[in-house]
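Observations on chain architecture
As a plain string of letters, each chain reads:
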Amino acid sequence: MESLWRNLKHGLRILRKKRGATLVMILSLAFGIGAATAIFSIVQGILLNPLPYHKPAELINVWESNPSQGMDQFSASPLNYLDWKKHNQVFENMAAYESSSLTLTGIGEPERLSGAEIRSELIPLLGVPLVLGRNFTEEEMVPGKSNVAILSFGLWKRRFGGDPDILGRLIRIDGQEHKVVGVLPQTFSFPSEQTEILLPFAFDERALSNRGAKWLGVIARLRPGVNLGQAQENMNVVARNLEVAYPDKNKGWGVLLGKLEESVVEEVRKPVLILFAAVCVVLFIACANVAGLLLAGNATRRQEMAIRAALGAKRRHLLSQLLTESVLLGLIGGFLGLLLAVWTKDSLLYWAEKFLPRVSEIAINTQVLGFAFIVSVASGIFFGLLPALLITRPESAIRSQSRGFTQGGARNTFVIAEVALAIVLLSGAGLLIRSLHSLVDVSPGFNPQNVLRFTIQNPESRYPERAQVGVFHLALLERLKNVPGIKDAAAASLLPLTGEDWSFSIDIKGRELPEGDQPSVEYRVVSAGYFRTMKIPIREGRSFTEQDRPNTQPVSVVNEAFARRFFPDQNPIGQEVRIGDTVREFRQIVGVSGNVKDFGLGSDSIPVIYVALSQRPLRYMNYVLRTADDPEKIASIVRQVVHSMDRDMPVFELGTMDHVLSDSISRRKFITYLLAFFAVTALSLALLGLYGLLSYSVSSRTQEIGVRMAMGAEKIHVLRLILDSGVRLVSAGILLGLAGALVATRVLSNMLFEITPTDPVTLAAVAFLLMTVALLAMFFPAKRAANVDPLEALRYE
């Protein structure tokens, strides 16, 4: 400890003595370690931290699956779920749930809540203890006895002030009174992080009368000693038995199992790991730069090491001193980096919260602090070991004034590696930037400018009849059209680019297929004027009109993808299609609309069939309003209009379609911009290393340069001499980096749009960019060398 304390004090004196170099090294390390720590907090919170449930590795998602219909993961039928539960031999228990949108009224402003209906087995299956109260009982799983509710911790705090006497209180959900029987813990986030309230899932007669209706989510817990493969085999047998028993509804349908943990993070795992790999590269380049600066500083410390060796210091003592200094430097940089990570974490999550799961669990916790400490120490050893080994060699101590070539060779190697890694990151960022640019240029199939959207839901308790729902929607549309500033108004069950889907099987008149073999298409209910409001072109026929009423011929409009798939050689207008919803009647196709990018700008257009709102009214509808000016200016007026018709009707998801379009590519933007930032940082650090190497080279070769100039060398020759050495290093780094990029960028293949991972234009542009800015970095040391005074240089020691 005494030796360590002595080494620390000496190290601090050395760092204070070289303030400029020390500041550069600390800042480089602080940024590298800080960025790595910030990204690791995301990796730890999302990928490494287990789900907040009892033994989460045993939790399994259970889906119905029909690969022949392109439905690998599909919701379950209530009747199939009950049979799975009865006949499986691999699960401790199974539970069903359905996400829902609910309305809370009677307490201040009406509010839309993200909720779920669950079976009573769900909470015990997850192993979640309630903060207050109890779970639902089996008696509450039947219609008429299910008016109870469990609140999320957030809703309890936000709307009820954390009232400890909340149990037994009556609250109004969708117009009906429910008794609060429990409060969930803060960590509960099932089936989504937005879940605010749970209601009992009472299977009614309708749910238990149609095995073909598939709309349940199902989760199960494996029995001890059973793995996923064994469970899948058992459920395959159960599914085959059900297919034999109910061929009219279950033909072609199997069961697919998947880990709950995997389903939560599968979409973000790869992008997050790519960012973590990128930030590790930045950290490596920062460490290489510090190692280069330490190698340059060795020239001034060789005499010190030689004297210490001559006085009897052993090499291990010298190594201990030098490594203590470098680790001290790493810890100082790590401390500042940790402060940087804490400062930037919230900003980082603000941009990522729309698509990152488990954001609330991302924190600078003890694991992240431990990571920062380990990285700081490891970085100190990494960048300090080679310079320490070189300066303490016996021959270095004996020939203390020798400049040697080994250290120069090591610095050259570091610079080549930095340039190569910068090329790899720049290539990846360049591919993503070009891909994003191509994606942004894609037409979504509608015009999102000056369009305000919002959503309402008519509760069944106040609007029991479907006809009442239709009258409400049509009346609200008329009122909205009369608001100054609104040019047009329409409604749709689902809007494009929101990530929501609703599909049904169809029959085409004259080619009816057995149930289970029918193709599936996306289903939309829209009002008259929807295509006009969204500026979706009608290619053939007509759109819906006010004359399409409940008592007239049922009609539909299909998109071009639908027409190409099902009527490739004939006119779809006049054809009749039957949709597999609750009303199985044939509808005449009266129009063909343009394709819309429903599921992302980079996705292919899929068959969609539209049905008139007046003929098939739904409780849950999205409204779109095309305005003459900034649509956000009329947001408050829209709320007033809705509340003038129903004061308990919440208006939610109020925003613009421009924001919807932007949000649909937010994940790509986040990954692209962050990777581009890391790539530019890597480039800057690599150029800083190159600049430092050439500056040191000029300083160490001052006498040689003076002799050359005294012998008649022109300035241009000296300039070329320095530039040539730099260009050789950069060229070697570029070639090595391009070879690495050809391999590394393949991991981006499924994140690219209309561009290949080995796109030659991007790789060539990146190489040209790096060489251009490298020449700028090399110019100033070369110019300084060309301006050396020969008389001064000849007196140089």
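Bear in mind the structure is a predicted one, so any value in this text is a computation, not a measurement.

Criteria and thresholds
Residues numbered from 1 in each chain as written. Predicted model: local features only at pLDDT ≥ 70, side-chain atom pairs only at ≥ 80, totals over all residues. Heavy atoms only, no water. Helix = DSSP H or I, 4+ residues; strand = E, 2+ residues; numbered from the N terminus. Buried < 20%, exposed > 50% of the residue type's maximum accessible area, 1.4 Å probe, protein only. Contact = heavy atoms within 4.5 Å. Areas by Shrake-Rupley, 256 points an atom, 1.4 Å probe, with all protein chains shown as cover. Lys, Arg positive; Asp, Glu negative; His and termini not counted. Charge placed at Lys NZ, Arg CZ, Asp CG, Glu CD. Salt bridge = Lys/Arg side-chain N within 4 Å of Asp/Glu carboxyl O. Core = buried A, V, L, I, M, F, W, Y, C linked by side-chain atoms within 4.5 Å. Polar contact = N/O pair within 3.5 Å; in protein donor to acceptor, adjacent residues only side chain to side chain. Phe/Tyr/Trp six-rings, centres within 6.5 Å; stacked < 30°, edge-to-face > 60°. Lys NZ or Arg CZ within 6 Å of the ring centre and 35° of its normal. pLDDT = per-residue confidence, 0-100. Expected span 1.5 Å × (residues − 1). Arc of directions from axis to C-beta. Axes fitted to C-alpha atoms, helices over the stretch in contact; angles between N-to-C directions. Parallel < 35°, antiparallel > 145°, perpendicular 65-115°, else oblique. Left-handed = near helix turned anticlockwise from the far one by under 90°. Nonpolar A, V, L, I, M, F, W, Y, C, P; charged D, E, K, R; others polar. Bend = angle between axes of the 7 residues up to and from the residue.

A few points about the overall build of the chain
A count of helices and strands for the chain gives 22 helices and 22 strands. In terms of overall dimensions, the chain has a C-alpha envelope of 105 × 60 × 55 Å along the principal axes. Per-residue burial over the chain gives 53% buried out of 797 residues. Considering only contacts in the chain between residues 6 or more positions apart, those separated by 24 or more positions represent 82%. Here the chain has roughly 35,900 Å² of accessible surface; of this, 57% comes from carbon and sulfur atoms. Of note, the chain has its 83 positive side-chain charges centred 10 Å away from the centre of its 74 negative side-chain charges.

Looking at the pattern of salt bridges
All told, the structure shown has 27 salt bridges when counted by the stated rule. Residue Arg358 is joined to Glu361 by a salt bridge in which the shortest nitrogen-to-oxygen separation is 2.7 Å. Arg578 is paired through a salt bridge with Asp507; the nearest N and O atoms lie 3.3 Å apart. Within this pair, whereas Arg578 is found in strand β18 (residues 576–579), its partner Asp507 is found in strand β14 (residues 503–508), the two being separated by 71 residues in sequence. Here the salt bridges share partners, and the residues they tie into one network are Glu111, Arg158, Arg159 and Glu196.

Overview of the nonpolar core
Formed by 92 residues in total, the largest nonpolar core has its most connected members in Ile39, Leu356, Phe678 and Leu770. Breaking this core down by element, the ones donating at least two residues are α2 (19–48), α8 (260–310), α9 (315–352), α10 (366–391), α12 (406–440), α18 (666–700), α20 (715–744) and α21 (760–786). Broken down by element, the residue count for this core peaks at 18 residues, all from α8. Leave out the neighbours within four places in its chain, and Phe678 touches Ala35, Ile39, Leu275, Ala278, Val279, Val282 and Leu425.

Some points on the side chain of Ser376
In this fold, Ser376 is placed in helix α10. Given the relative accessible area of 2%, Ser376 is considered buried. Within the local environment of Ser376, its side chain forms a polar contact with the backbone oxygen of Ala372, the two atoms lying 2.7 Å apart. Not counting the four nearest positions on each side in its chain, Ser376 is found in contact with Ile33, Gly330, Leu331 and Gly334.

Overview of the packing of aromatic side chains
This model, assessed by the stated rule, comprises 25 aromatic pairs. Aromatic pair Phe504 and Tyr523: ring centres 5.0 Å apart, planes at 85°, arrangement edge-to-face. Of this pair, Phe504 sits in strand β14 while Tyr523 sits in strand β15 (residues 520–526), and the two are 19 residues apart along the sequence. A relative accessible area of 17% means that Phe504 is categorised as buried. Residue classification places Tyr523 among the buried residues on the basis of a relative accessible area of 1%. Ring geometry for Tyr530 against Phe531: centres 5.6 Å apart, planes inclined by 75°, an arrangement best described as edge-to-face. Phe531 matches Tyr530 in its accessibility class, with the two residues each being buried. Here the aromatic residues Tyr81, Phe201, Phe203 and Trp215 are joined through ring pairs into a cluster of three or more. Lying over the aromatic face of Tyr246, Arg211 brings its terminal NZ or CZ to 3.6 Å of the ring centre. Seen from the ring of Trp253, Lys214 lies directly overhead, with NZ or CZ sitting 4.5 Å from the centre.

Some remarks on the environment of Leu257
You can see Leu257 is positioned in strand β11 (residues 254–259). Distance in space between the C-alpha atoms of Leu257 and Glu64 is 8.8 Å, their sequence separation being 193 residues. Apart from residues no more than four positions distant in its own chain, Leu257 is found in contact with Ile60, Asn61, Val62, Trp63, Phe91, Leu228, Ala231, Gln232 and Met235.

Focus: the confidence of the model for the chain
Close inspection of predicted coordinates is inappropriate for parts of the model with low pLDDT. Taken residue by residue, the chain gives an average pLDDT of 87. The fraction at 70 or more is 91%. In the predicted structure, residues 397–406 sits below a pLDDT of 50 and forms 13 contacts with residues beyond four places in sequence or in another chain.

Brief notes about helix α13 (residues 466–481)
Since the α-helix turns once every 3.6 residues, residues separated by three or four places project in the same direction. The end-to-end C-alpha separation of α13 is 23 Å, in line with the 22 Å expected for 16 residues at 1.5 Å each. Residues of α13 that are buried include every one of Val469, Gly470, Phe472, His473, Leu476, Leu477 and Leu480, and no others. Angular distribution of buried residues about the axis of α13 spans 160°; they occupy a single face of the element. Summarising the geometry of α13, the exposed residues directed more than 90 degrees from the buried face are Ala467 and Val471. Buried residues in α13 make contact with β12 (451–457), β13 (486–492), β21 (620–627) and α16 (635–645).

Quick notes on the packing of α20 against α21
It is at 9 Å that the axes of α20 and α21 come closest, and there the two elements cross at 155°. Compared by their axis directions, α20 and α21 come out roughly antiparallel. As for the relative orientation of α20 and α21, their crossing is right-handed in sense. Partitioned by chemical class, the residues of the contact of α20 with α21 number 21 nonpolar, two polar and two charged.

Points about α21
Look at α21: 37 Å from first C-alpha to last across 27 residues, which is about the 39 Å you get at 1.5 Å a residue. A bend of about 30° at Phe779 is the largest found in α21, and the proline Pro781 appears one to four places after it. Thr762, Leu763, Val766, Ala767, Leu770, Ala774, Ala777, Met778, Pro781, Ala782, Ala785 and Ala786 are the residues of α21 that are buried.

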